[in-house]
Amino acid sequence: MFYEDDTSIPSDIKVPILESFHRHIYDCDWHFSCGTKDYKVLMDKFHYVSTAFLELGPSYQVAIEDITKRMGAGMAKFICKEVETVDDYDEYCHYVAGLVGLGLSKLFHASGLEELAPDSLSNSMGLFLQKTNIIRDYLEDINEIPKSRMFWPWEIWSKYASKLEDLKYEENSTKAVQCLNDMVTNALMHAEDCLHYMSALKDLAIFRFCAIPQIMAIGTLALCYNNVEVFRGVVKMRRGLTARVIDQTRSMSDVYGAFFEFSSLLESKIDDNDPNASLTRHRVEAIHKACISSGFLNKRGRHMYESKSYNSVLVLVVVVLVSVLFAILYTK
């Protein structure tokens, strides 16, 4: 939900809405005015989402309600709790993104087009995307008005700075990049699960829906790794490369090739003096092994690479909206 990390909304207002959001999706008269631009339009016209939701079959409604209920409760928990340990970090990412993966897997299964994926793999699909966003959006989150949003876990950043915001200052660049590399290395642990999940998908539309964001994530991690610009501005893939990913991602051969290439780019940037260099290499090697053992690398004709946290209420709304749209498409 987009309003979960909207620091302008008081917690005593935000928490009850998050905890009851799963009931609001049944109420066509409910709306909550918040956010700006397109987010505000979405919330002001939330009755359209509810109306579409109520037209879905029971199996879709049950899946969407269950996931939004669990997401809302988890988001509310972290309104009052800091992300301190790596376990906290994984738990927070589970609530805001891992549960999206579980929910979508249930919808894919309800459509009759896919087998039900294991929860652990579905969770990793969400965590890989969410951790990439959290890493990429450091500067935006730390400069949030009226209050910074802190998603990097204390257990990691405290090894490199006294305060998380200190990493944005030029005099701390060396330590900042080391901390960044630590965060990227943590995210890489989910890559193999993501490959496993995508390799089991059968429907082309569902496959592309899942695969394109994952390729964008591994590409973004490769660009962010060892890159001090994460603390200076926005680091993201070029539009042309993004267009190529969208256009060319049509099979697991494309996915394995992209993961192999982007992880190789990341590997080329590893500094032997980095505190986590050995672990980073180990995780990159695991990705390479998964891609090579698939047998699909040589079947790929073209290359992707040639040598983007959200306000929680909006996140929940978008989850519901995407879920509703998917369910509508596959019940027609």
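These figures come from a predicted structure and were not determined experimentally.

A. A look at the overall build of the protein. Looking only at helices and strands, the protein has 15 helices and zero strands in total. The buried share among the 332 residues of the protein stands at 55%. For the protein, the computed accessible surface area is about 15000 Å², with 53% contributed by carbon and sulfur atoms.

B. Expanded view of the confidence of the model for the protein. Confidence along the protein averages 90 in pLDDT terms, with 88% of residues attaining 70 or more. Below pLDDT 50 for its whole length, residues 306-310 participates in 21 contacts with residues either more than four positions away or in separate chains.

C. Structural detail: the pattern of salt bridges. If you walk through the whole model with that rule in mind, you get 13 salt bridges. Asp90 is the salt-bridge partner of Lys131, the closest N and O atoms lying 2.6 Å from each other. Residue Lys131 is found in helix 6 (residues 119-136), and its partner Asp90 is found in helix 5 (residues 86-110); the two are separated by 41 residues along the sequence. The exposure class of Lys131 is buried, given its relative accessible area of 0%. Between Lys159 and Asp182 there is a salt bridge, and its shortest N-O distance comes to 2.8 Å. Highlighted residues: Lys159 in the loop between helix 8 (154-157) and helix 9 (173-188) and Asp182 in helix 9, separated in sequence by 23 residues. A network of salt bridges, in which partner residues are shared, links Glu140, Asp141, Glu144 and Arg149.

D. Seen up close, the nonpolar core. Judged by nonpolar contacts, the single largest core of 100 residues is most densely connected at Tyr138, Trp152, Leu167, Tyr197, Met198, Val255 and Phe259. Here the element with the most residues in this core is helix 5; it accounts for 13 residues. Setting aside residues no more than four positions away along its own chain, Tyr138 makes contact with Trp152, Leu164, Glu165, Leu167, Lys168, Val230 and Phe231.

E. How the structure looks around the packing of aromatic side chains. Applying the stated rule across the entire model yields 13 aromatic pairs. Ring geometry for Phe78 versus Tyr92: centroids 5.5 Å apart, planes at 70 degrees, classification edge-to-face. Taken together, the residues span a long stretch of sequence, with Phe78 in helix 4 (residues 58-79) and Tyr92 in helix 5 at a distance of 14 residues. Both residues of the pair, Phe78 and Tyr92, count as buried. Here the aromatic cluster, defined as three or more aromatic residues joined through ring pairs, consists of Phe78, Tyr92, Tyr95 and Phe151.

F. Layout of the packing of helix 6 against helix 9. Where helix 6 meets helix 9, the axes come as close as 9 Å, and the angle between the chain directions of the two elements is 170 degrees. Taken as axis vectors, helix 6 and helix 9 run roughly antiparallel relative to one another. Only Leu180, Met183, Val184, Asn186, Ala187 and Leu188 of helix 9 make contact with helix 6, whose side of the interface consists of Phe128, Lys131, Ile134 and Ile135. By residue class, the composition of the contact of helix 6 with helix 9 is eight nonpolar, one polar and one charged.

G. Structural view of helix 14 (residues 277-293). Given a rise of 1.5 Å per residue, 17 residues ought to cover 24 Å, and the 24 Å separating the end C-alpha atoms of helix 14 matches this to within 8%. Residues of helix 14 that are buried include every one of Ala277, Thr280, Arg283, Val284, Ala286, Ile287, His288 and Cys291, and no others. Close packing links the buried residues of helix 14 with helix 9, helix 10 (191-199), helix 11 (204-224) and helix 13 (252-268). Looking one or two residues beyond helix 14, the residue adopting positive phi is Gly295, at roughly 80 degrees.

H. Structural detail: unusual backbone geometry. A positive phi is found at Asn226, a non-glycine position, where the angle reads about 60 degrees. Here Asn226 shows up in the loop between helix 11 and helix 12 (239-248).

I. A look at the side chain of Arg136. Mapped onto the fold, Arg136 is located in helix 6. Side chain to side chain, Arg136 and Asp137 meet in a polar contact 2.9 Å long.

J. Local environment of the packing of helix 4 against helix 5. Closest axis-to-axis distance for the helix 4/helix 5 pair is 9 Å, and the angle between their directions is 175 degrees. With respect to helix 5, the axis of helix 4 lies roughly antiparallel. Taking contact as the criterion, the partners of Ser59, Tyr60, Ala63, Ile64, Asp66, Ile67, Arg70, Met71, Gly74, Met75, Lys77 and Phe78 in helix 4 are, on helix 5, Asp88, Glu91, Tyr92, Tyr95, Val96, Leu99, Val100, Leu102, Gly103, Lys106, Leu107 and Ala110. Of the residues in the contact of helix 4 with helix 5, the class split is 15 nonpolar, three polar and six charged.

Conventions and cut-offs
- Residues numbered from 1 in each chain as written.
- Predicted model: local features only at pLDDT ≥ 70, side-chain atom pairs only at ≥ 80, totals over all residues.
- Heavy atoms only, no water.
- Helix = DSSP H or I, 4+ residues; strand = E, 2+ residues; numbered from the N terminus.
- Buried < 20%, exposed > 50% of the residue type's maximum accessible area, 1.4 Å probe, protein only.
- Areas by Shrake-Rupley, 256 points an atom, 1.4 Å probe, with all protein chains shown as cover.
- pLDDT = per-residue confidence, 0-100.
- Contact = heavy atoms within 4.5 Å.
- Salt bridge = Lys/Arg side-chain N within 4 Å of Asp/Glu carboxyl O.
- Core = buried A, V, L, I, M, F, W, Y, C linked by side-chain atoms within 4.5 Å.
- Phe/Tyr/Trp six-rings, centres within 6.5 Å; stacked < 30°, edge-to-face > 60°.
- Axes fitted to C-alpha atoms, helices over the stretch in contact; angles between N-to-C directions.
- Parallel < 35°, antiparallel > 145°, perpendicular 65-115°, else oblique.
- Nonpolar A, V, L, I, M, F, W, Y, C, P; charged D, E, K, R; others polar.
- Expected span 1.5 Å × (residues − 1).
- Polar contact = N/O pair within 3.5 Å; in protein donor to acceptor, adjacent residues only side chain to side chain.

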